[in-house]
Amino acid sequence: MTARLGAGVAALALMAGTAGAQSLMFPIDEGDFNWDSYHEFADATDLSGQSLTISGPWLSVDQELFESVLAYFEEATGADVSYVGSDSFEQQIVIDVEAGSAPNIGVFPQPGLLNTLANRGLVTPMPEGTEEWIAENYAAGQSWVDLATFEGPEGEEDLYGLFYKADVKSLVWYIPENFEDAGYEIPETMEDLKALTEQIVEDGETPWCIGLGSGGATGWPATDWVEDMVLRTQPPEVYDQWVSHEIPFNDERIVNAISEFGYFLQDDFVAGGSQAVASTDFRDSPQGLFSFPPQCYMHHMASFIPSFFPEGTVVGEDADFFYFPAYEEEDLGQPVLGAGTVFAITDENEAANAFMQFLQTPIAHEIWMAQSGFLTPLTTVNTDLFGDPTLGRMNEILLDATTFRFDGSDLMPGAIGAGAFWTGMVDFAGGASAQEAADEIEDAWAAIDQ
């Protein structure tokens with residue numbers, strides 16, 4: 001079995017991209033990039049003749065963009081770097097580390113699996129000083145440290161990963177022309193958002209489009225709503241206790257957050273009425289923003305949703321977004337819900353440690369930023385370099401965050417985060433009380449903990 005797996009990995013390696021096979025995307029010392037960070041790193045790092053292998057989930061366009069960054073690491077150090085992308089990375093990395101054939105670095109799309117491997121002693125803690133660097137240089141830096149700090153096999157806590165490339169979920173999408181025609185302004189607080197919601201109803205219109213449908217994954221969009229509401233009604237420590245089941249799912253504070261989501265599900269508040277929410281596909285739900293007259297004025301969804309807007313929609317002009325605001329009265333700062341990829345050392349060598357240092361340079365972020373599809377919490381980057389101004393504005397939300405938390409359902413056991421939480425939210429949208437929905441999910445979680 002191991003031999004067959006090894007052959008499969010070798011075959012993947014043949015198909016893998018090699019950073020050195022492409023030229024540098026941006027000539028060194030040209031443009032407003034932080035070339036000083038590049039030269040400082042290059043002058044201090046010589047890896048001539050050494051190799052570095054990286055495996056992750058990125059394929060197609062994302063793979064090409066990542067390899068454009070790797071090219072600068074190769075140029076700076078003389079190392080030979082190869083990246084293998086896989087749509088089954090999470091299964092393959094477990095096989096590889098258990099077989100002793102892991103890449104030097106794994107790119108994990110969520111921290112849950114990395115946590116499991118750290119507990120088993122199958123990954124190496126970050127080089128000394130990484131924790132302090134993240135805390136000082138990332139917006140909401142301690143949040144990012146906490147997200148990648150896990151218990152090792154002896155029960156001691158250590159930092160096992162460095163987040164690179166983030167996503168933002170705390171967004172509300174709208175049509176600027178519709179707001180302008182109706183005289184509505186962008187709400188700056190949750191109190192303002194609720195007031196706007198009620199004003200739209202008073203004007204005889206419908207404020208929200210919400211769709212929870214997603215085939216076998218129906219219900220997941222509601223988990224983002226609830227997670228955002230937990231972060232806006234409770235300190236981040238409560239969020240952490242919730243997703244790790246240190247407090248039960250039916251804790252009164254979580255039930256309250258579900259009820260807060262329920263406010264937006266009122267029959268007059270949502271297109272088609274509350275009974276249509278569960279049966280409306282999330283990919284179709286934003287279409288109501290674009291109808292004439294509009295079927296709704298706002299839609300809460302992550303940064304990827306423009307992929308399902310009508311063809312030709314220009315984000316920033318035809319459609320736009322604003323930060324899903326926090327309660328002024330709660331005084332919990334600017335929490336942001338999101339996701340991201342975390343880099344970990346799965347087979348340590350000198351080049352792997354050096355690459356983790358490279359990810360701490362602004363240039364390692366700016367090269368991807370200047371192209372497409374990249375957000376970063378690193379505060380020292382030149383944000384004028386964003387190739388897409390829309391991404392630049394999303395990144396401002398990330399940089400303004402006082403707290404960042406990873407999508408909670410992705411941190412929960414699969415049977416809960418990708419099971420009972422989904423179905424519980426469908427039941428809630430269908431008329432179950434917040435308490436009933438939370439009790440249902442807690443019963444499922446308690447059953448798997450036995």
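Above this text is the structure in question.
As the structure is a prediction and not an experimental result, all values here were calculated from the model.

Caption draft 1: Representation of the layout of surface pockets in the model. Roughly 680 Å³ of internal volume is contained in the largest pocket. Surrounding the largest pocket, 25 residues form its lining, Asn115, Asp146, Thr149, Phe150 and Ser244 being those nearest its centre. Counting only elements with at least two residues in the lining of the largest pocket, the list comes to helix H5 (111-119), helix H7 (141-147), strand E5 (149-151) and helix H11 (236-243). A per-class count over the lining of the largest pocket returns 9 nonpolar, 9 polar and 7 charged.

Caption draft 2: Representation of helix H19 (residues 434-449). Here H19 spans 22 Å end to end across 16 residues, near enough to the 22 Å set by a 1.5 Å rise per residue. By the burial criterion, the buried members of H19 are Ala434, Ala437, Ala438, Ile441, Glu442 and Trp445. Taken down its axis, H19 places every buried residue within 130° of arc, on the same side. In the core, the buried residues of H19 are packed alongside H11, helix H12 (252-263) and helix H18 (414-429).

Caption draft 3: Region of interest: the nonpolar core. Within the largest apolar cluster, 99 residues are counted, with the highest numbers of intra-cluster contacts made by Ile54, Phe66, Phe73, Phe343 and Phe355. A per-element tally of this core places helix H3 (residues 60-77) first, with 7 residues. Ignoring sequence-local partners within four residues, the contact set of Phe355 consists of Leu52, Ile54, Phe66, Leu70, Phe73, Ile105 and Phe343. Counting residues in each nonpolar core, the second largest holds 52 residues, with Ile210, Phe261, Met298 and Ala434 among its members.

Caption draft 4: The pairing of strand E12 (residues 403-406), seen in detail. Neither face of E12 is left uncovered, since the one carrying Thr403 and Arg405 and the one carrying Phe404 and Phe406 both have all their residues buried. Bridge analysis of strand E11 (residues 335-345) against E12 gives 4 bridges, and the strand direction is parallel. By the bridge assignment for E12, Pro335 is matched with Thr403.

Caption draft 5: Broad picture of the pairing of strand E3 (residues 80-85). Examined bridge by bridge, strand E2 (residues 51-56) and E3 share 6 bridges and lie parallel to one another. In the strand pairing of E3, Gly56 is matched with Gly85. In this region the chain leaves E2, passes through H3 and returns to the parallel neighbour E3; the handedness of that crossover is right-handed.

Conventions adopted
- Residues numbered from 1 in each chain as written.
- Predicted model: local features only at pLDDT ≥ 70, side-chain atom pairs only at ≥ 80, totals over all residues.
- Heavy atoms only, no water.
- 1 Å grid on protein atoms, 1.4 Å probe; cavity = no way out; pocket = protein on both sides within 12 Å on 5 of 7 lines; lining within 4 Å.
- Points joined across faces, edges and corners; volume = space filled by probe spheres on them.
- Helix = DSSP H or I, 4+ residues; strand = E, 2+ residues; numbered from the N terminus.
- Nonpolar A, V, L, I, M, F, W, Y, C, P; charged D, E, K, R; others polar.
- Expected span 1.5 Å × (residues − 1).
- Buried < 20%, exposed > 50% of the residue type's maximum accessible area, 1.4 Å probe, protein only.
- Arc of directions from axis to C-beta.
- Contact = heavy atoms within 4.5 Å.
- Core = buried A, V, L, I, M, F, W, Y, C linked by side-chain atoms within 4.5 Å.
- Pairing = 2+ DSSP bridges.
- Right-handed = clockwise from strand over helix to strand, strands pointing away.

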